[in-house]
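For reference, the chains in residue letters:
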Amino acid sequence: MTEDQRGAALLRGAVSSPRASFLELFFDLVFVFALTRVSQRTIDDVASARRDLWGGAAQTVLLFLALWLVWTLTAWVTSRYEPERGIIQFVVVASMFGSMVMAVALPRAFTERAATFVCAYLAIQIGRPLLITVALRRHPRRTVTTRILAWSTLGAAPWLAGALVPQPTLRAVFWTAALAWDYTGLALGWPVPRLGPTRVSGWAVMGEHLAERYQQIFLIALGETILVIGLTFSGSDFSASRFGAFALSFLVTALLWRIYFHRAGHLLAEAIRVARSPGLLGESASWTHLVIVAGVLVTAVGYELVIDHPYARMEPAWPAFVMGGPALFLAARARFEYEIFGRVSRSRLAGVLVLVALAPLALRMPPMGALASAAAVLTAIAVGDAARSWGRPVERTASPL
């Protein structure tokens, strides 16, 4: 076998299974834990009544975006390369271990565990393209991983600088610049001199596999909310009011699941398969699911606040979680509808506007009332979806991408 043939053997072929492998599902287990660390970090900031609550929230967003970049690039790797090959399996397992280290370090990533978080992140972001580049040998596709490797190596400087400075504020500045560099590379296709860019929108991908991975990360986020609901209620008094908040939180989670998978959520694989540019739709769906998952995590913070304080006085920041989480989810879900059908979901946009309008009024409600209002908005959308689709055939995809 020539070197070109050995490199080509890493690529997904026509006989490759489009389903996510058991290794990928194993990899996702780390992100169940990692997402709980993200929401718990925010909950701790809210519970401690920090003066700089929004500064802490911004730090958490930054750390979440670093985790998301690791997950989404791993999903693209396994959609582009054969996951049954030993080197790809090693890359996934190594990325899994690095993600676990990041998750463990995340609660104190801006204090004493900064170096641990950064070293784990850079080991994934630099090690993954390096190993694949070597494994591809002289195959033409190695120029893609070479670009990613060069871009990630240059981006390591601000990450390391941020880990070494003692002040958390200065650390946030360095890491924001580093993350902006990494996401700019992803958006522009990691352009380097002489080679130019390689946009992921132009990559040949396995649509069903990529769609399944996005659906799975959404379900992982929902699983994280279930953990929050269960752990919060099990650690508190089993009073009637807390049980009501517990049941209401579960209802909202079920409604998020229903609204996501109604029509568009089920048709993502088909939309990518028939799209004129499958890579472009896959890239767009990645950004959309980033916001969808973020909305679910913000909602989970609201769950804990309501279960712990069902009839307490609403604090000024709480509506941002109880109302803001579902609103963020609905806004991203409206974009998702456009990606699949080429039209805007008016019911979801109306839901966003209602939730935003209710947020100031929520300050005069008990937390239970605010969550009940959010549940009522989501219920109205879910019922409207069911009524419009009753007796009608499944709608065909018509992605503008």
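None of these values were measured; they are calculated from a predicted model.

J.: Tell me what's going on with the overall build of the protein, and back it up with residues and numbers.
T.: The number of helices and strands found in the protein is 14 helices and zero strands. Counting helices and strands in the order they occur from the N terminus, the protein gives α-α-α-α-α-α-α-α-α-α-α-α-α-α. The C-alpha radius of gyration computed for the protein amounts to 22 Å, which stays within 12% of the reference 21 Å derived for 401 residues, consistent with globular compactness. For the protein, the proportion of its 401 residues judged to be buried stands at 55%. Considering only intrachain contacts with a sequence separation of at least 6, the fraction spanning at least 24 residues in the protein is 81%. Carbon and sulfur atoms provide 66% of the accessible area of the protein, an area that totals close to 17300 Å². Put simply, the protein has 36 plus and 24 minus side-chain charges, and the middle of one group is 6 Å from the middle of the other.

J.: Quick rundown of the pattern of salt bridges? Include the residues and the values.
T.: The full count for this structure, using the stated rule, is nine salt bridges. For Asp28, the salt bridge is made with Arg213, and the minimal N-O distance between the two is 2.6 Å. Of the two residues, Asp28 sits in helix α2 (residues 22–47) while Arg213 sits in helix α8 (residues 207–234), which places them 185 residues apart along the sequence. Residue Asp28 is classed as buried on the basis of its relative accessible area, which comes to 4%. A single salt-bridge network, built from bridges that share partners, covers Glu24, Asp28 and Arg213.

J.: Can you explain the UniProt feature "transmembrane region" (unreviewed entry) in the protein? Please cite residues and give values.
T.: The UniProt feature table records "transmembrane region" (unreviewed entry) at residues 20–38, 58–78, 90–109, 115–136, 148–166, 214–234, 240–260 and 280–305. Secondary structure content for residues 20–38 is 89% helix and 0% strand, while the C-alpha to C-alpha distance between its ends is 25 Å. Within the segment residues 58–78, helix and strand shares are 100% and 0% respectively, and the terminal C-alpha atoms sit 31 Å apart.

J.: Now, about helix α3 (residues 53–80): what can you tell me, with residues and values included?
T.: For α3, with 28 residues, the first-to-last C-alpha span of 41 Å sits near the 40 Å given by 1.5 Å per residue. Of all the 28 residues making up α3, 23 are buried; the element is thus mostly covered by neighbouring parts of the structure.

J.: So what about the side chain of Thr74? Which residues, and what values?
T.: Turning to its location among the elements, Thr74 is positioned in helix α3. Look at Thr74 and you get buried, because its relative accessible area is 3%. A polar contact of 2.7 Å, which involves the side chain of Thr74, links it to the side chain of Arg128. Not counting residues within four places of it along the chain, the set of residues in contact with Thr74 comprises Phe27, Val92, Ser95 and Arg128.

J.: Describe the packing of helix α5 (residues 114–136) against helix α7 (residues 168–188), naming the residues involved and giving the relevant values.
T.: Any two packed helices are characterised by the angle at which their axes cross and by the distance between the axes. For the pair α5 and α7, the least separation of the axes is 13 Å and the interaxial angle reads 10 degrees. Between α5 and α7, the interaxial angle falls into the category roughly parallel. Of α7, the residues touching α5 (which contributes Ala114, Val118 and Tyr121) are Arg171, Trp175, Leu179 and Asp182. Broken down by class, the residue content of the contact of α5 with α7 amounts to five nonpolar, no polar and two charged.

J.: Quick one: what's the story with α5, residue by residue and with numbers?
T.: Helix length check: α5 (23 residues) gives 33 Å between terminal C-alpha atoms against 33 Å at 1.5 Å per residue, within 8%. Its maximal kink placed at Gly127, α5 deviates by approximately 25 degrees, while the proline Pro129 follows within four residues. Of the residues flanking the end of α5, it is Arg137, one or two places downstream, whose phi is positive at about 55 degrees.

J.: An account of the nonpolar core is requested, with residue identities and associated values reported.
T.: Ranked by size, the top nonpolar core spans 124 residues in total, and within it Phe31, Phe64, Met102, Tyr121, Trp159, Trp175 and Phe329 carry the most contacts. When residues of this core are assigned to domains, at least three fall in each of domain 1 (3–188) and domain 2 (206–389). The contacts of Met102, once residues within four sequence positions are left out, are Ala66, Leu67, Val70, Phe117, Ala120, Tyr121 and Ile124.

J.: Residues and numbers for unusual backbone geometry, please.
T.: Its identity as a non-glycine residue notwithstanding, Trp190 has a phi of 50 degrees, on the positive side. Along the polypeptide, Trp190 turns up in the loop between α7 and α8. Positive phi, normally seen in glycine, also occurs at Arg263, with a value near 60 degrees. Locating Arg263 in the fold gives a position in helix α9 (residues 240–274).

J.: Describe in detail the environment of Arg364, supporting the description with residues and values.
T.: Examined against the element boundaries, Arg364 turns out to sit in the loop between α13 (346–362) and α14 (367–389). For Arg364, a relative accessible area of 79% corresponds to the exposed category. For the pair formed by Arg364 and Ser345, sequence separation is 19 residues and the distance between their alpha carbons is 30 Å.

J.: Can you explain the environment of Pro107? Please cite residues and give values.
T.: Checked against the element boundaries, Pro107 lands in the loop between α4 (86–105) and α5. For Pro107, a relative accessible area of 33% puts it in the partly exposed group. With 70 residues separating them in the primary sequence, Pro107 and Arg37 have C-alpha atoms 6.6 Å apart. Sequence-distant contacts of Pro107, that is, excluding residues within four places in its chain, are made with Arg37 and Arg41.

J.: Before we move on, could you go through the domain arrangement of the protein and cite the residues and values that matter?
T.: By the assigned domains, the protein splits into domain 1 (3–188) and domain 2 (206–389). Counting residues at the interface gives 35 residues for domain 1, matched by 31 residues for domain 2. Between domain 1 and domain 2, a total of about 2900 Å² is buried, with carbon and sulfur atoms accounting for 74% of that surface. Run the count over domain 1 and domain 2 and you get two salt bridges. One can count six residue pairs in polar contact (both at pLDDT 80 or more) joining domain 1 with domain 2. Elements that contribute at least two residues to the side of domain 1 that touches domain 2 include exactly α2, α3 and α7. If you tally residues by element for the side of domain 1 that touches domain 2, the top one is α2, at 14 residues.

Thresholds, definitions, all that
- Residues numbered from 1 in each chain as written.
- Predicted model: local features only at pLDDT ≥ 70, side-chain atom pairs only at ≥ 80, totals over all residues.
- Heavy atoms only, no water.
- Helix = DSSP H or I, 4+ residues; strand = E, 2+ residues; numbered from the N terminus.
- Rg over C-alpha atoms; globule rule 2.2 N^0.38 Å.
- Buried < 20%, exposed > 50% of the residue type's maximum accessible area, 1.4 Å probe, protein only.
- Contact = heavy atoms within 4.5 Å.
- Areas by Shrake-Rupley, 256 points an atom, 1.4 Å probe, with all protein chains shown as cover.
- Lys, Arg positive; Asp, Glu negative; His and termini not counted.
- Charge placed at Lys NZ, Arg CZ, Asp CG, Glu CD.
- Salt bridge = Lys/Arg side-chain N within 4 Å of Asp/Glu carboxyl O.
- UniProt positions renumbered as here; feature names shortened; annotations may be inferred.
- Expected span 1.5 Å × (residues − 1).
- Polar contact = N/O pair within 3.5 Å; in protein donor to acceptor, adjacent residues only side chain to side chain.
- Axes fitted to C-alpha atoms, helices over the stretch in contact; angles between N-to-C directions.
- Parallel < 35°, antiparallel > 145°, perpendicular 65-115°, else oblique.
- Nonpolar A, V, L, I, M, F, W, Y, C, P; charged D, E, K, R; others polar.
- Bend = angle between axes of the 7 residues up to and from the residue.
- Core = buried A, V, L, I, M, F, W, Y, C linked by side-chain atoms within 4.5 Å.
- Domains from an automatic or database assignment.
- Buried area = accessible area lost by both parts, 1.4 Å probe.

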